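# Descriptive analysis of the structure
As a plain string of letters, each chain reads:
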Amino acid sequence: MATASATIDIPASADQVWQLIGGFNTLPDWLPLIAKSELSEGGRVRTLQTADGGVVIERLQAFDNAARTYSYSIEQAPFPATDYLATIKVEAHGQGARVTWSGRFSAKGVSDEEVVALFSGIYQGGLEALRANYPT
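Worth saying up front: this structure is predicted, and the values here are computed from it rather than measured. (Residues numbered from 1 in each chain as written. Predicted model: local features only at pLDDT ≥ 70, side-chain atom pairs only at ≥ 80, totals over all residues. Heavy atoms only, no water.)

## Some remarks on the overall build of the protein
- Counting its regular elements, the protein contains three helices and seven strands.
- For 136 residues, the compact-globule estimate of 2.2 N^0.38 gives 14 Å, and the protein sits close to it at 14 Å.
- Here the C-alpha coordinates of the protein stretch approximately 45 × 35 × 25 Å along the principal axes.
- Counting all 136 residues of the protein, 40% fall into the buried class.
- The long-range fraction of contacts in the protein, counting pairs at least 24 apart against all pairs at least 6 apart in sequence, stands at 48%.
- Here the protein displays about 6,900 Å² of accessible surface, and carbon together with sulfur accounts for 48% of that area.
- Computed over 10 positive and 15 negative side-chain charges, the separation of the two mean positions in the protein equals 5 Å. (Helix = DSSP H or I, 4+ residues; strand = E, 2+ residues; numbered from the N terminus. Rg over C-alpha atoms; globule rule 2.2 N^0.38 Å. Buried < 20%, exposed > 50% of the residue type's maximum accessible area, 1.4 Å probe, protein only. Contact = heavy atoms within 4.5 Å. Areas by Shrake-Rupley, 256 points an atom, 1.4 Å probe, with all protein chains shown as cover. Lys, Arg positive; Asp, Glu negative; His and termini not counted. Charge placed at Lys NZ, Arg CZ, Asp CG, Glu CD.)

## Focus on the sheet that holds strand 6 (residues 81-93)
- Pairing is antiparallel across the open sheet formed by seven strands, whose spatial order is 1-7-6-5-4-3-2. Edge positions in the open sheet fall to strand 1 (2-10) and strand 2 (34-40), since each of these has one partner strand only. In this sheet, adjacent strand axes meet at a mean angle of 25° when their direction is disregarded.
- Together, strand 1, strand 4 (55-64), strand 5 (69-76), strand 6 and strand 7 (96-107) form the strand contacts of helix 1 (residues 14-21), whose direction differs from that of strand 6 by roughly 145°.
- Each of strand 1, strand 6 and strand 7 is contacted by helix 3 (residues 112-131), which is oriented at about 15° to strand 1, the strand it contacts most. (Pairing = 2+ DSSP bridges. Axes fitted to C-alpha atoms, helices over the stretch in contact; angles between N-to-C directions.)

## Looking at helix 3
- Taking 1.5 Å as the rise per residue, helix 3 with 20 residues should run 28 Å; its terminal C-alpha atoms sit 28 Å apart, in good agreement.
- Of the surrounding elements, those touching the buried residues of helix 3 are strand 1, helix 1, helix 2 (27-30), strand 6 and strand 7. (Expected span 1.5 Å × (residues − 1).)

## With respect to the packing of aromatic side chains
- Scanning all chains against the criterion turns up 13 aromatic pairs.
- Between Tyr72 and Tyr84, the ring centres sit 5.9 Å apart and the planes meet at 45°, which makes this aromatic pair tilted. Taken together, the residues Tyr72 in strand 5 and Tyr84 in strand 6 connect sequence positions twelve residues apart.
- What makes Tyr84 buried here is its relative accessible area of 7%. (Phe/Tyr/Trp six-rings, centres within 6.5 Å; stacked < 30°, edge-to-face > 60°.)

## Focus: the pattern of salt bridges
- The tally for this structure, following the rule as stated, stands at six salt bridges.
- Where Arg68 meets Asp15, a salt bridge forms, and the shortest distance between an N and an O atom there is 3.0 Å. Separated by 53 residues along the polypeptide, Arg68 in the loop between strand 4 and strand 5 and Asp15 in helix 1 bring together distant segments of the chain.
- Assessed through its relative accessible area of 17%, Arg68 is described here as buried.
- For Glu38, the salt bridge identified is with Lys36, shortest N-O distance 3.1 Å.
- On the basis of relative accessibility, which here comes to 42%, the residue Glu38 falls in the partly exposed class.
- In this structure, a network of salt bridges that share partners links the residues Glu41, Arg59 and Glu75. (Salt bridge = Lys/Arg side-chain N within 4 Å of Asp/Glu carboxyl O.)

Spatial relationships are all this shows, so hold off on functional conclusions.
Set out below in structure tokens:
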């Protein structure tokens, strides 16, 4: 299995950041790559439409509001990966928050390095977009 991870510090409380990103249906609120999100199966599955018209279907695997974290798998996506499981976590860090987005997956049709670079870029770009919601 390959892994990727990105972390960013945000000048807002962990609770404030979790309020924005902690809902399983909130990606369009902070991630420019995602234009639309629709929940199904009682909120356990989200169907995402990307800004370029792609479709990604993800399933919530674990959710812990008190610990400010959730994990999800991908059921359908145009990514060269299988067995995908990612986690988003918000922790208090000094006067602000630290957000970590990490995943594990198996490459499909490409090298591990290529799929790691893809998800590392998605995670880092996503967290930078999240941070833009909290100007200093």
